[in-house]
Amino acid sequence: MSADNATLLDSLLFPPLCGGWSNRTEGAIYHLGSTILFLGYMGGSGAYGCLFIFGFLSPAFLCLALWGRLTLCGADVFTWNLLLLLACLLQIYHLLYRLHREGVRGEELAALYQAVYLPLGVPVHVFKEISHAFGDRVVELRAGETYAVEGKTPIDQLSFLLSGRINVSLEGQFLHYIHRHQFLDSPEWESLRPNEEGKFQVTLTAEEDSRFVSWRRRRLYMLISKQRYVARLFSVMLGYDIAEKLYNLNNKLYIKSGVLLDIRLPSLYHVLAPSSQGSEGGSAPPHCTTHTPRHQAPPPSKGTSPAPSDGTSPAPPDSRNSRGNTTALINSEEFFFLGFC
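Calculation rules
Residues numbered from 1 in each chain as written. Predicted model: local features only at pLDDT ≥ 70, side-chain atom pairs only at ≥ 80, totals over all residues. Heavy atoms only, no water. Salt bridge = Lys/Arg side-chain N within 4 Å of Asp/Glu carboxyl O. Helix = DSSP H or I, 4+ residues; strand = E, 2+ residues; numbered from the N terminus. Buried < 20%, exposed > 50% of the residue type's maximum accessible area, 1.4 Å probe, protein only. Core = buried A, V, L, I, M, F, W, Y, C linked by side-chain atoms within 4.5 Å. Contact = heavy atoms within 4.5 Å. Polar contact = N/O pair within 3.5 Å; in protein donor to acceptor, adjacent residues only side chain to side chain. Pairing = 2+ DSSP bridges. Axes fitted to C-alpha atoms, helices over the stretch in contact; angles between N-to-C directions. UniProt positions renumbered as here; feature names shortened; annotations may be inferred. Parallel < 35°, antiparallel > 145°, perpendicular 65-115°, else oblique. Left-handed = near helix turned anticlockwise from the far one by under 90°. Nonpolar A, V, L, I, M, F, W, Y, C, P; charged D, E, K, R; others polar. Expected span 1.5 Å × (residues − 1). Arc of directions from axis to C-beta.

1. Remarks on the pattern of salt bridges
Following the criterion strictly, the structure yields 5 salt bridges and no others. Notably, a salt bridge pairs R211 with E140, separated by 3.5 Å at the nearest N-O pair. Here R211 is found in strand 7 (residues 210-216), whereas its partner E140 is found in strand 1 (residues 139-141), with 71 residues between them in sequence. Judged by relative accessible area, R211 falls into the partly exposed class, the value being 26%. Of the charged contacts in the structure, one is a salt bridge between R142 and D209, with a shortest N-O distance of 3.9 Å. Here R142, found in the loop between strand 1 and strand 2 (146-148), pairs with D209, found in the loop between strand 6 (203-206) and strand 7; they are 67 residues apart in sequence, far enough to count as distant. On the basis of relative accessible area, R142 is assigned to the partly exposed category, the value being 44%.

2. Brief notes about the nonpolar core
Most often, soluble globular proteins keep nonpolar side chains buried together rather than apart. By size, the foremost hydrophobic cluster in this structure holds 25 residues, and its most contacted members are Y117, I130, L158, F160 and W215. Elements that contribute at least two residues to this core include exactly helix 5 (107-117), helix 6 (124-133), strand 3 (157-163), strand 7, helix 8 (217-226) and helix 9 (228-257). In contact with I130, not counting residues within four places along its chain, are Y117, W215, L223, V230, L233 and F234. Judged by nonpolar contacts, the second largest core, of 17 residues, contains L141, Y147, V168 and L192.

3. A short note on the side chain of N167
For N167, the position within the fold is in strand 4 (residues 166-170). Within polar-contact distance, the side chain of N167 engages the side chain of E207 at 3.4 Å.

4. What about the sheet that holds strand 7?
Hydrogen bonds between backbone atoms are what pair the strands of a sheet, whose relative direction is either parallel or antiparallel. Within the open sheet, the 3 strands sit side by side as 1-7-3. Their pairing is antiparallel. Strands with a single pairing partner mark the edges of an open sheet, and in this sheet they are strand 1 and strand 3. Ignoring strand direction, the axes of neighbouring strands in this sheet form an average angle of 35 degrees. Pairing analysis gives 6 bridges linking strand 3 to strand 7, with the strands arranged antiparallel. When the sheet's bridge partners are listed, F160 is paired in strand 7 with V213. Helix 8 contacts strand 3 and strand 7 of the sheet and is inclined by roughly 65 degrees relative to strand 7.

5. Structural notes on the sheet that holds strand 4
What the 4 strands build is an open sheet, ordered 2-6-4-5; its pairing is antiparallel. The strands lining the two open edges of the sheet, one partner per strand, are strand 2 and strand 5 (173-178). Direction aside, the axes of adjacent strands within the sheet are offset by 30 degrees on average. When strand 4 meets strand 5, the two strands line up antiparallel, connected through 5 bridges. The residue of strand 5 that forms the bridge with S169 is F174.

6. Digging into the UniProt feature "transmembrane region" (unreviewed entry) in the protein
Within this structure's numbering, the places UniProt gives as "transmembrane region" (unreviewed entry) are residues 46-67 and 79-97. Secondary structure content for residues 46-67 is 100% helix and 0% strand, and the end C-alpha separation is 31 Å. Note that residues 79-97 is 100% helix and 0% strand, and that its end C-alpha atoms are spaced 27 Å apart.

7. Some thoughts on the packing of helix 5 against helix 6
Viewed as axis vectors pointing N to C, helix 5 and helix 6 meet at an angle of 120 degrees, and their least axial separation amounts to 12 Å. The angle between the axes of helix 5 and helix 6 places the two elements in the oblique class. The interaxial crossing formed by helix 5 with helix 6 has right-handed handedness. Contact residues: helix 5 offers L109, L112, Y113 and Y117, while helix 6 offers V124, F127 and I130. Tallied by class, residues from the contact of helix 5 with helix 6 come to 7 nonpolar, no polar and no charged.

8. A few points about helix 2 (residues 28-40)
For helix 2, which comprises 13 residues, the first-to-last C-alpha distance of 18 Å matches the rise-based estimate of 18 Å (1.5 Å per residue) to within 8%. Of the residues making up helix 2, those classed as buried are G33, I36 and G40. The arc enclosing the buried residues of helix 2, seen along the axis, measures out at 65 degrees, which places them on a common side. Facing away from the buried side of helix 2 by over 90 degrees, the exposed positions are A28 and F38. Among the structural elements, helix 3 (46-71) are those in contact with the buried residues of helix 2.

Below, the structure is given as structure tokens:
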């Protein structure tokens, strides 16, 4: 072992003792740099945590470089702190570039991610795959323009409304509205299998200027088949959207008939017929959620004769008024939604 190595080893194992502490301070710049350096190491993990750390380390090394140049007059101290400052600036540039590259492009898509997908915990890279499926393109629909026509427009895409309002009608009669952050054609999408074809049963018209994104059927099915997480995500979103529309239609029926209908009933026809007859006689309760069983006859209204006692079956009551309401409901979107309950 050489003498230099022995001296170095001795200095590390047996360092010289300080004869006394100096009363001289290093100045405000040195203490400011050390304070910022201390705060910089309180950052967390991840890209934003690293951005926080290097954002504090840069002014800290700048202060230490100024301290080495102005106060200490040491070329080595100034050079090392300057190199550390340049390394922090390069790290900040790299982090900003990576965040910009991995971020969501476009104000509308960024707002869509913040409002819909971020609360569901969807990562940014998954949302970028979903947005690539519709080509990162937003479609505009002017007020009065038609998105789909009943019996004519094929079901070949799935659209999500970003802004505006859509009017849903059947044979010229208003059914309900589709508001922002709702699917335009979720019931039609769920009504068909991947290899089936169909057409819209309702007409969708823009009530005001609207903007939406659309996934082509084939391309979205390819994405769902490859990504199980995306398939579960769309399943949850479509199920919630259909349930929300179904409950809105149920409330609409309650407002029209004055009878609260339970959408969990096995058949809506057996609910409407007794309630319509009961509403004519004025004996129906305002919040009836049960229906008359099939083996029990509904209570006779005023002006009708009681059932004969010779065992013959009574004549069916006149249900022309209820038949019109029921037929209209069966042909409308309400009964179409009921199949998904």
